[in-house]
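# Descriptive analysis of the structure
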Amino acid sequence: MSFDSSETSGRSIGVASALAMLLGIAISCYGVLLVPVSLLGGIWIAAGGLALLCAGLVATAWVGDRLALSPVTQRRLSIGCTALAVVLLGSFVAINGATFESGVIESAS
């Protein structure tokens, strides 16, 4: 009995990619919920969630087989999408943190 090195292990979705996809969906839904309050903020958060969703999706064997991507290319695309998500979400937090700190709190008395 010989084993072919090009066979897949049968597990197309890893734990990390599944968690990235679920977290990406959750963040995207949260961004959509924020659109009525702040259009730009909601779109910004939803874009970060979609980037995280794409990072998890690209890391699966199913997408690699469908798009004929090598494992190295899959890894690079996944890391790139993750970096984009971190930059988008981190910049949102940094910019909104700066705007909240510059506001003046007035007392009601």
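Read on for a plain summary of the structure. (Residues numbered from 1 in each chain as written. Predicted model: local features only at pLDDT ≥ 70, side-chain atom pairs only at ≥ 80, totals over all residues. Heavy atoms only, no water.)

### A few points about a nonpolar patch on the surface
Note the following rule: To count toward a patch, a residue needs a relative accessible area over 30% and no salt bridge; like charges are then connected within 9 Å, while nonpolar side chains (Val, Leu, Ile, Met, Phe, Trp, Tyr) are connected within 5 Å. What sets the accessible areas is the Shrake-Rupley method with a 1.4 Å probe; for residues, cover comes only from the shown protein chains. What counts as a salt bridge is simple: a side-chain nitrogen of Lys or Arg found within 4 Å of a carboxyl oxygen of Asp or Glu. Only DSSP runs of H or I with at least four residues qualify as helices, and only runs of E with at least two residues qualify as strands; both kinds are numbered from the N terminus onward.
Taken together, the side chains of V15, L19, L22 and I25 define a hydrophobic patch exposed on the protein surface, amounting to about 410 Å² of accessible area. Relative to the helices and strands, I25 resides in helix α1 (residues 15–34).

### Describing unusual backbone geometry
This is how the line gets drawn: Burial classification: accessible surface area is computed with a 1.4 Å probe over protein chains only, and a residue below 20% of its type maximum counts as buried, one above 50% as exposed, and the rest as partly exposed.
One non-glycine residue with positive phi stands out, namely A68, at about 55 degrees. Residue A68 is classed as exposed on the basis of its relative accessible area of 67%.

### Looking at the state of the cysteines
The cut-off we apply is this: The rule for a disulfide is simple: a pair of cysteine sulfur atoms within 2.5 Å.
Inspection of the entire model under this criterion finds zero disulfides. Sulfur of C54: no disulfide; nearest cysteine sulfur belongs to C81 and is 5.4 Å away.

### Observations regarding the layout of surface pockets
Think of a ball as big as a water molecule: rolled over the atoms, this probe shows where empty space is left. Here is the rule: Residues are called lining when one of their atoms sits within 4 Å of a cavity or pocket point, these points coming from a 1 Å grid over the protein atoms alone, where a cavity is a set in which a 1.4 Å probe fits but cannot get out and a pocket is an open set with protein on both sides within 12 Å along at least five of seven lines. Grid points are joined across faces, edges and corners, and a volume is the space filled by probe spheres set on the points. Classification used: nonpolar for Ala, Val, Leu, Ile, Met, Phe, Trp, Tyr, Cys and Pro, charged for Asp, Glu, Lys and Arg, polar for all others including Gly.
By volume, the largest pocket amounts to about 260 Å³. Along the wall of the largest pocket there are eleven residues; nearest its centre are A59, T60, A61, P71 and Q74. In terms of residue count, helix α4 (residues 71–101) provides more of the lining of the largest pocket than any other element does, four residues in total. When grouped by side-chain class, the residues that make up the lining of the largest pocket number four nonpolar, five polar and two charged.

### Examining the packing of aromatic side chains
Put simply, the test is: In this analysis, rings of Phe, Tyr and Trp, with Trp reduced to its six-membered ring, are considered paired at centre separations within 6.5 Å, and the interplanar angle assigns stacked below 30 degrees, edge-to-face beyond 60, and tilted for intermediate values.
Across all of its chains, the model carries one aromatic pair by this definition. Measuring from centroid to centroid gives 5.6 Å for W44 and F92, while their planes differ by 75 degrees, and the two rings are edge-to-face. With a gap of 48 residues between them, W44 in helix α2 (residues 39–58) and F92 in helix α4 connect regions that are remote in the sequence. On the basis of relative accessible area, F92 is assigned to the buried category, the value being 18%.

### Observations concerning the side chain of S78
For clarity, the threshold we go by: Distance and chemistry together define a polar contact, namely a pair of N or O atoms within 3.5 Å, with one atom able to donate a hydrogen and the other to accept it when in protein, and with adjacent residues in sequence counting only for side-chain atoms on both sides. Between two residues, a contact is recorded if the distance between any of their heavy atoms is within 4.5 Å.
Within the fold, S78 resides in helix α4. Reaching out from S78, the side chain makes a polar contact with the backbone oxygen of A55 at a distance of 3.0 Å. Beyond its immediate chain neighbours, meaning those up to four positions away, S78 contacts A55, V58 and A59.

### Looking at the nonpolar core
Selection rule: In these notes, a set of buried Ala, Val, Leu, Ile, Met, Phe, Trp, Tyr and Cys residues joined through side-chain atoms within 4.5 Å is what counts as a nonpolar core.
In terms of nonpolar packing, the biggest core is built from six residues, these being I27, I45, A51, L52, A85 and F92. Listed by contribution, the elements that provide at least two residues to this core are α2 and α4. Filtering out sequence-adjacent residues up to four positions away, A51 remains in contact with C81, L84 and A85.

### Remarks on the packing of α1 against α2
The criterion, for reference: Whenever a helix is involved, its axis is fitted only over the stretch in contact; in every case the axis is a line through C-alpha atoms, and angles between N-to-C directions fall within 0 to 180 degrees. Oblique is the label for any angle not under 35 degrees, not over 145, and not in the 65 to 115 range, which are roughly parallel, roughly antiparallel and roughly perpendicular in turn. Left-handed is the label given to a crossing in which the near helix is rotated counterclockwise from the far helix by less than a right angle, and right-handed is the label when the rotation is clockwise.
Two numbers describe how α1 lies on α2: the axes approach to 7 Å, and their chain directions differ by 165 degrees. Between α1 and α2, the angle falls in the class roughly antiparallel. For the pair α1 and α2, the sense of crossing is left-handed. In this structure, α1 uses S17, A20, M21, L23, G24, I25, I27, S28, Y30, G31, V32 and L34 to contact α2, whose residues at the interface are G42, I45, A46, G49, L50, L52, L53, G56 and L57. For the contact of α1 with α2, a count of residues per class yields 14 nonpolar, seven polar and no charged.

Limitation: the analysis is restricted to geometry and does not speak to function.
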